[in-house]
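Architecture at a glance
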Amino acid sequence: MNQLYVFKRLLQYVSKYKSKLLLIAVLGLIGVVFEVAKPLPIKFVIDNVLSGHPLPHFLSNLFSDTSFIENKKNLLYASVGIMLFIALFSFVFSLVIFNLTVGMAQRLVFDLMIDFFAKLQRLSLSFYSKNKVGDLLQRMSGDVFVVYFLVAQIILPALTSLVCLGGMFYIMSRIDLLLAVVAFSVVPVLAIVLGFFAKPMNDTTTVQYKTQGSFSAFLQQSLSSMKIIQAFGRESFMHQKLKKHAEEFGNAFIVANRVSMTYNQMSVLITGIASATLVTLGALRGLNGTLSVGDLFIFLGYLTALFGPVNSLTTAIGAAIAIGARGKRVFDILDSEEVVKENPHAIDIKYPKGEIEFRNVTFGYGNALQLPVLKNISFKVLPGQVVALVGATGAGKTSIISLLSRFYDPWKGSILFDGVDIADIKLHSLRENVSLVLQEPFIFPMTIVENIAFGNPEASFEDIVEAAKGAQAHDFISKLPNGYETLISEQGSSLSGGEKQRIAIARAFLKKAPVLILDEPTSAVDSLTESKIFEALSHFSKGKTVFLISHRLSTIKHADQIITIKEGQVVERGTHQSLLDENKVYAGLYKYQHIT
Ligand code: UTP
Ligand code: MG
């Protein structure tokens with residue numbers, strides 16, 4: 001991805017606000033006229049008021065009564081009046097332009113942020129196992145501002161500076177062409193310097209934003225694992241690691257800024273040398289009478305004014321290079337391939353029944369060259385059946401249900417929902433029909449009601465309470481200071497492990513989906529509460545297909561089908577009794593649990 005591509009993409013965003021940008025540009029150009037006209041009244045004061053030269057014809061012709069302009073004081077007041085008028089208008093214009101630009105640029109950042117977030121929501125879990133949350137945060141909250149800089153630091157300043165320089169060149173060349181050419185000879189010299197600096201500036205800013213991303217990622221990870229760090233007494237270890245990240249970021253920051261600062265200061269030096277040359281040349285011309293004092297004054301006035309647009313041009317180019325590096329960080333994500341893609345002809349599940357079939361599914365988390373985690377898995381579950389997946393830790397149970405929700409796609413084979421390959425079903429429609437309780441329950445930093453109703457926002461309060469009762473959560477919720485309206489802190493840290501699990505179960509109970517997946521839903525709950533939850537499960541799951549993963553085999557005894565997974569393969573299938581009779585893996589596990 002090169003810089004040009006980044007600009008093309010950014011300009012697509014800007015093009016949405018074409019008319020507004022045009023308005024700002026037009027206002028900016030009017031502002032330029034004032035800017036260019038600023039030194040002119042002083043020329044009249046010096047040449048026509050103080051030195052007594054007559055006014056140029058085009059001005060004196062404007063007055064029918066010449067007695068007015070012959071009065072020097074009148075001429076002085078008129079010149080000063082024009083100066084004040086220009087100052088006032090420049091002030092008003094700058095304010096209006098500033099407000100319009102900031103307003104538009106802010107909307108642009110907002111658009112890019114929204115697209116970024118929408119993309120993040122579409123990316124599959126394999127993306128999140130490769131990218132760090134802190135780095136993504138940095139990209140989404142910091143790097144998206146490139147589009148703001150593009151408008152506020154590049155497009156508009158470059159445009160007005162160019163026009164401003166054009167206007168100045170015109171007036172200067174009217175006064176003295178040679179001097180004007182000397183003044184503007186800085187431009188090609190600056191271009192050469194820029195050519196020299198462009199690559200190092202790009203490289204160093206790229207490193208700067210990359211290290212900034214890793215720094216944020218480390219910070220985010222440390223903040224969210226503070227409990228473990230403190231419990232293991234590893235504060236100084238983490239401190240050292242943080243220092244390393246901070247140093248890397250700090251060094252990259254210094255190097256990048258040193259390079260761009262050198263570039264900026266070299267431009268200032270070059271314009272400085274040019275102005276010294278011009279002062280000498282101009283003064284010599286003044287001495288031999290080819291240039292009036294007023295003209296010399298204008299020349300020198302423009303010379304200092306020349307710094308403004310030339311510098312904002314060089315800054316704009318420097319900013320463009322930084323934007324290339326930062327914008328790449330945004331578009332790398334926006335353009336990243338959606339591994340779990342939605343088929344353009346994908347369909348909605350209209351009347352879901354909940355029949356699930358795995359056909360020869362092989363899957364692994366890495367690429368196909370690595371070893372698969374699931375090998376040739378096949379089974380079929382009829383609507384309304386309860387199926388239990390059992391097996392040792394790491395056998396592949398969670399992987400199977402992750403495939404069913406299409407968090408990942410299988411390498412080989414297919415998964416069917418009501419006879420339709422889930423790859424041909426709209427992702428939203430598939431997930432709407434699957435209710436999930438994850439092995440690690442996730443609780444949002446919202447109220448309990450919002451957490452339970454997360455999958456069914458239209459649910460009535462009565463339904464929410466009923467689901468909470470089924471999940472054996474109602475009693476503890478009622479004892480909380482604000483009951484169902486209690487706000488839960490980040491990562492549910494104000495709740496016990498079992499309480500979090502019960503809220504996650506209530507959430508799944510409330511979601512009206514024909515397929516219910518429970519991945520060790522009660523691992524943190526005592527046996528009595530667990531048996532109550534399973535009693536409620538039979539009520540809430542009436543007619544639903546239920547996938548149940550549990551290491552406590554007593555909870556799955558009544559399943560219609562038990563599938564034993566060993567090292568990613570199905571090794572047995574049957575009912576509790578038939579598997580006991582077979583006396584193989586399941587029977588072994590069950591006997592072990594009931595003897596010990
Ligand atoms: P599972 O997570 O499917 O195992 O991982 P499981 O049967 O549910 O295990 P328990 O009972 O919850 O502990 C199966 C294999 O896939 C790997 C794991 O390391 C394990 O070997 N895996 C899992 C990955 O490589 N990447 C992941 O993101 C998850
Ligand atoms: Mg698991």
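Remember, it's a predicted structure, so these values are computed and weren't measured experimentally.

On to the coordination of the magnesium ion (ligand 2), then. The protein atoms that coordinate the magnesium ion (ligand 2) are Thr398 (OG1) and Gln439 (OE1), at distances spanning 1.9 to 2.4 Å. Placement of Thr398 in helix H15 (residues 397-404) and of Gln439 in the loop between strand E6 (434-437) and helix H17 (448-452) is noted, with a sequence separation of 41 residues between them.

Another point: the site of ligand 1. The immediate surroundings of ligand 1 are formed by 13 residues, with Thr393, Gly394, Thr398, Ser399 and Gln439 found nearest. Take Thr393: an N or O atom from its side chain is 2.5 Å from an oxygen atom of ligand 1. Lys397 is positioned such that a nitrogen or oxygen atom in its backbone is 2.8 Å from an oxygen atom of ligand 1. Notes on ligand 1: free accessible area 610 Å², of which the protein chains cover 62%. Counted by class, the shell around ligand 1 contains four nonpolar, seven polar and two charged residues.

Let's shift gears to the sheet that holds strand E4 (residues 412-417). The pairing of strands in a sheet comes from backbone hydrogen bonds and takes either a parallel or an antiparallel form. Strand order across the open sheet formed by four strands is E2-E1-E4-E5, with antiparallel pairing between neighbours. In the strand order of this sheet, the two ends are held by strand E2 (374-381) and strand E5 (420-421), each with one partner. Sheet topology note: the E4/E5 ladder contains two bridges and is antiparallel. Along E5, the bridge assignment pairs Leu416 with Asp421.

The next thing to look at is helix H21 (residues 527-540). For an α-helix, the turn length of 3.6 residues means that residues three or four places apart are oriented alike. Spanning 14 residues, H21 covers 20 Å between terminal C-alpha atoms, matching the ideal 20 Å at 1.5 Å per step. The set of residues buried in H21 consists of Thr529, Glu530, Ile533, Phe534, Ala536, Leu537 and Phe540. Down the axis of H21, the buried set is contained in an arc of 165 degrees. They therefore lie on one face. Facing away from the buried side of H21, by more than 90 degrees, are the exposed residues Ser527, Leu528 and Glu535. Contact partners of the buried residues in H21: helix H18 (461-470), helix H20 (497-510), strand E7 (515-519) and strand E8 (545-549).

For the rest of this paragraph, the subject is helix H9 (residues 146-175). The terminal C-alpha atoms of H9 lie 41 Å apart, and with 30 residues this matches the ideal 44 Å at 1.5 Å per residue to within 8%. The largest bend along H9 reaches roughly 30 degrees and is located at Pro157.

The tally for this structure, following the rule as stated, stands at 22 salt bridges. Between Glu248 and Lys244 there is a salt bridge; the shortest N-O distance is 3.9 Å. Here the residue Glu248 and the residue Lys244 both occupy positions in helix H13 (residues 235-287), the gap between them amounting to four residues, near one helical turn.

Further remarks concern the sheet that holds strand E3 (residues 386-390). An order of E6-E7-E8-E3-E9-E10 is seen for the six strands of this open sheet, with the pairing classed as mixed. Looking at which strands have only one partner, the edges of the open sheet turn out to be E6 and strand E10 (569-574). Strand after strand, the sheet turns through a mean of 15 degrees between neighbouring axes, direction not considered. For E3 and strand E9 (residues 561-566), the ladder comprises four bridges, and the chain directions are parallel. By the bridge assignment for E9, Val390 is matched with Thr564.

Turning our attention to the packing of helix H1 (residues 3-14) against H9. A pair of packed helices is captured by two measures, namely the crossing angle of their axes and the spacing between those axes. For the pair H1 and H9, interaxial distance at closest approach is 10 Å and the crossing angle is 90 degrees. One finds that H1 runs roughly perpendicular with respect to H9. Of H9, the residues touching H1 (which contributes Phe7, Leu10, Leu11, Tyr13 and Val14) are Val146, Val147, Leu150, Val151 and Ile155. Residue composition of the contact of H1 with H9, grouped by class: 10 nonpolar, no polar and no charged.

Criteria and cut-off values
Residues numbered from 1 in each chain as written. Chains lettered and ligands numbered in written order. Predicted model: local features only at pLDDT ≥ 70, side-chain atom pairs only at ≥ 80, totals over all residues. Heavy atoms only, no water. Donors = N, O, S within 2.8 Å, 3.2 Å for Na, K, Ca; no water. Helix = DSSP H or I, 4+ residues; strand = E, 2+ residues; numbered from the N terminus. Near = heavy atom within 4 Å. Polar contact = N/O pair within 3.5 Å; in protein donor to acceptor, adjacent residues only side chain to side chain. Areas by Shrake-Rupley, 256 points an atom, 1.4 Å probe, with all protein chains shown as cover. Nonpolar A, V, L, I, M, F, W, Y, C, P; charged D, E, K, R; others polar. Pairing = 2+ DSSP bridges. Expected span 1.5 Å × (residues − 1). Buried < 20%, exposed > 50% of the residue type's maximum accessible area, 1.4 Å probe, protein only. Arc of directions from axis to C-beta. Contact = heavy atoms within 4.5 Å. Bend = angle between axes of the 7 residues up to and from the residue. Salt bridge = Lys/Arg side-chain N within 4 Å of Asp/Glu carboxyl O. Axes fitted to C-alpha atoms, helices over the stretch in contact; angles between N-to-C directions. Parallel < 35°, antiparallel > 145°, perpendicular 65-115°, else oblique.

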